Amino acid sequence: NAGVTQTPKFRVLKTGQSMTLLCAQDMNHEYMYWYRQDPGMGLRLIHYSVGEGTTAKGEVPDGYNVSRLKKQNFLLGLESAAPSQTSVYFCASNAPGQNTEAFFGQGTRLTVV
Amino acid sequence: AQTVTQSQPEMSVQEAETVTLSCTYDTSESDYYLFWYKQPPSRQMILVIRQEAYKQQNATENRFSVNFQKAAKSFSLKISDSQLGDAAMYFCAYRGYNTDKLIFGTGTRLQVFP
């Protein structure tokens, strides 16, 4: 029962480096989300997707890009990492329907030095 | 824009006692859904309970229940017979009827003392 899987679980980047976080779900969910979690700020929505080939901005999209080329995958990219992007990143997915539960990955701890 | 506010950064409770975590939200929508998620030290997000705004009856899941006050835009979580395993961060979340986004509060860290 894989559910939502995030890769990698930990990463340290130098300022200016780029990287891609991968989220994969095996539940055939239409909706996928990327959040960042920072102390005292809860989970803030970065970008989300309501279906293959579609993406939309969330609350804090600056400095990030996303792609949803396949329904099961949602990629989060950092083109030029900054120390302010040090955070724990969560991917989530859910099926259409307003009452459906969102399933979360285990999180990726990213440190930018 | 919708917002979710959790005004208690930290709470503590004695084992077997009852504790209530507060959550308020702001929205102009009339239909929406509210959730409480638990995040233990493992970081995994776990759904605790959900409430549909059109239902007047408060949701209950075993030791967890909510007090949903739609007019006051309040959605508190009551944990009865607290257990050591209840210690975690608790997040309140909102999702509008016509919205795809799940919006979270800042969280309440619950400590449970033996």
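From a predicted model like this one, the values you see are computed outputs, not experimental measurements. Within every chain, residues take consecutive numbers counted from 1 along the sequence as written. Each chain gets a letter, beginning with A, and each ligand a number, beginning with 1, in the order they are written. Since the coordinates come from a predicted model, pLDDT governs what is reported: local features require at least 70, and pairs of side-chain atoms require 80 or more to be given and counted, while whole-chain, interface and lining totals use all residues. Excluded from the side-chain calculation are hydrogens and water; included are all heavy atoms of the structure.

## With respect to the overall build of chain A
Each helix is a run of DSSP H or I of at least 4 residues and each strand a run of E of at least 2, with the numbering of both proceeding from the N terminus. Within chain A, the regular secondary structure consists of zero helices and 11 strands. For chain A, the sequential pattern of α-helices and β-strands runs β-β-β-β-β-β-β-β-β-β-β. To get the radius of gyration, use the C-alpha atoms; to get the globule rule, take the number of residues to the power 0.38 and multiply by 2.2 Å. On C-alpha atoms alone, chain A measures out to a radius of gyration of 13 Å, which is about the 13 Å that the 2.2 N^0.38 rule sets for 113 residues. Seen through its principal axes, chain A has C-alpha atoms that stretch 40 × 30 × 25 Å. For every residue, the accessible area (1.4 Å probe, protein chains only) is compared with the maximum for its type, and the residue is labelled buried under 20%, exposed over 50%, or partly exposed between those bounds. Burial analysis of chain A (113 residues in total) assigns 49% to the buried set. In this description, accessible areas are obtained by the Shrake-Rupley approach with a 1.4 Å probe, and a residue is regarded as covered only by the protein chains that are shown. Working note: accessible area of chain A is about 5,200 Å², and carbon and sulfur atoms make up 52% of it. As used throughout, the charge tally considers Lys and Arg to be positive and Asp and Glu to be negative, leaving His and the chain termini uncounted. Note on charges: their place is set at NZ of Lys, CZ of Arg, CG of Asp or CD of Glu. For chain A, the separation between the mean place of its 10 positive charges and that of its 8 negative charges on side chains is 8 Å.

## Observations regarding the sheet that holds strand β7 (residues 65–67) of chain A
Residue and element names in this part refer to chain A. Pairs of strands are assigned from DSSP output, requiring at least two bridges between the strands. Ordered by their spatial adjacency, four strands build an open sheet running β1-β3-β8-β7, and the pairing between neighbours is antiparallel. Pairing within the sheet leaves two strands with one partner each, and these edge strands are β1 (4–7) and β7. If you compare each strand with its neighbour and ignore which way they point, the axes differ by 20° on average. By the bridge criterion, six bridges tie strand β3 (residues 19–25) to strand β8 (residues 73–78) in an arrangement that is antiparallel. Residue T20 lies in a different strand from β8, and its bridge partner there is G77. To obtain an axis, a line is fitted to C-alpha atoms, over the contacting stretch when the element is a helix, and the angle between two such axes runs from 0 to 180 degrees between their N-to-C directions.

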